[in-house]
Amino acid sequence: MGSGRLYAAVAAGGFRRYATYRTATLAGMFTNTVFGVILAYTYIALWDERPHLGGYDQSQALTFVWLGQALLMTMCVMGTGFEDELIERIRTGDIAIDLYRPADLQLWWLAQDMGRALFHLLGRGLIPVAVGAWLFDLTLPTSPATWLAFLVAVALGMLVSYSFRFLVALTAFWLLDGAGIIQMAWLAGVFCSGMVLPLNVFPGLLGEVVRALPWAALIQAPADILLGEADPLGTFAFQAGWAVALLSVGRLLQAVATRRVVVQGG
């Protein structure tokens, strides 16, 4: 099997793996919808007091809420992706088997995570947005080009998310217990991705900093494209730049970790 077909099969396997948990998927849809409604009414109250906060009108702000619910699991903002499994394999030493396989470790987990992300985008993303559009006045574009640009931004956001979480998982080679670093990454992701509030709301230097961090590529960047508040090409460049940087660091750490495993094994 060629390498391309191998990783395509791994991605398909990742999709099927999560598709088997139908009850969990339905429960997740329900949870995302309920939290979406709660956040929507919170945003309505906030935007009633502060119209055009962050440059959004109320309809745009509500759209941002439901996009966040749709992308929460897709972007793995709160974890629960492959990283726990990879950390456990590092902790137990099973990672040595993975490193000796005729498949690249980084690409293997990337393919699996892309399958997971695609399933969550379809399985837990579409229904909450549809419910949100039914209950509230959302700002959704009619141009296919805007939707296409949004999907490209989502794909790039998925890549940035994976790249960062791969780095988090690799720290287990040195820390052994990755629980602490995962919790720190989870907190940073929730705060800096736009999950709590749009990053445009953050004032002054804090706003400039959070909008420049990689987490901004996960929810804020795709949402701004869909809402017509960002230049697609500039957004793609921002996301791709972070993806390349994080993947490169991950490649370097993987090489160092592989050398360490080989030396210890020898």
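Reading the values: rules and limits
- Residues numbered from 1 in each chain as written.
- Predicted model: local features only at pLDDT ≥ 70, side-chain atom pairs only at ≥ 80, totals over all residues.
- Heavy atoms only, no water.
- Helix = DSSP H or I, 4+ residues; strand = E, 2+ residues; numbered from the N terminus.
- Rg over C-alpha atoms; globule rule 2.2 N^0.38 Å.
- Buried < 20%, exposed > 50% of the residue type's maximum accessible area, 1.4 Å probe, protein only.
- Salt bridge = Lys/Arg side-chain N within 4 Å of Asp/Glu carboxyl O.
- Phe/Tyr/Trp six-rings, centres within 6.5 Å; stacked < 30°, edge-to-face > 60°.

## Quick word on the overall build of the protein
Scanning the protein from N- to C-terminus turns up 13 helices and 0 strands. Of the regular secondary structure in the protein, the N- to C-terminal order runs α-α-α-α-α-α-α-α-α-α-α-α-α. For 266 residues, the compact-globule formula gives about 18 Å, and the C-alpha radius of gyration of the protein, at 19 Å, lands near that figure. Within the protein, the fraction of its 266 residues that count as buried is 48%.

## Some details on unusual backbone geometry
Although it is not a glycine, His52 adopts a positive phi angle of roughly 65°. Secondary-structure assignment places His52 in the loop between helix H2 (22-49) and helix H3 (58-71). Owing to a relative accessible area of 55%, His52 belongs among the exposed residues under this scheme. Although it is not a glycine, Cys76 sits at a positive phi angle of roughly 55°. Residue classification places Cys76 among the buried positions, given a relative accessible area of 4%.

## As for the pattern of salt bridges
Summed over the entire model, instances satisfying the criterion amount to 7 salt bridges. Where Glu83 meets Arg165, a salt bridge forms, and the shortest distance between an N and an O atom there is 3.0 Å. Taken as a pair, Glu83 in helix H4 (residues 83-92) and Arg165 in helix H8 (residues 144-170) lie far apart in primary sequence, 82 residues in all. Residue Arg91 pairs with Glu88 through a salt bridge whose shortest N-O separation is 2.7 Å. Residue Arg91 and its partner Glu88 are located together in helix H4, separated by 3 residues, close to a single helical turn. Here Glu88 falls in the partly exposed class, since its relative accessible area comes to 37%.

## A short note on the packing of aromatic side chains
Applying the stated criterion across every chain, the model contains 12 aromatic pairs. Seen in terms of ring centroids, Tyr56 and Phe64 are 6.0 Å apart; in terms of plane orientation they differ by 35°. Their pairing is tilted. Residue Tyr56 shares its accessibility class with Phe64, and that shared class is buried.

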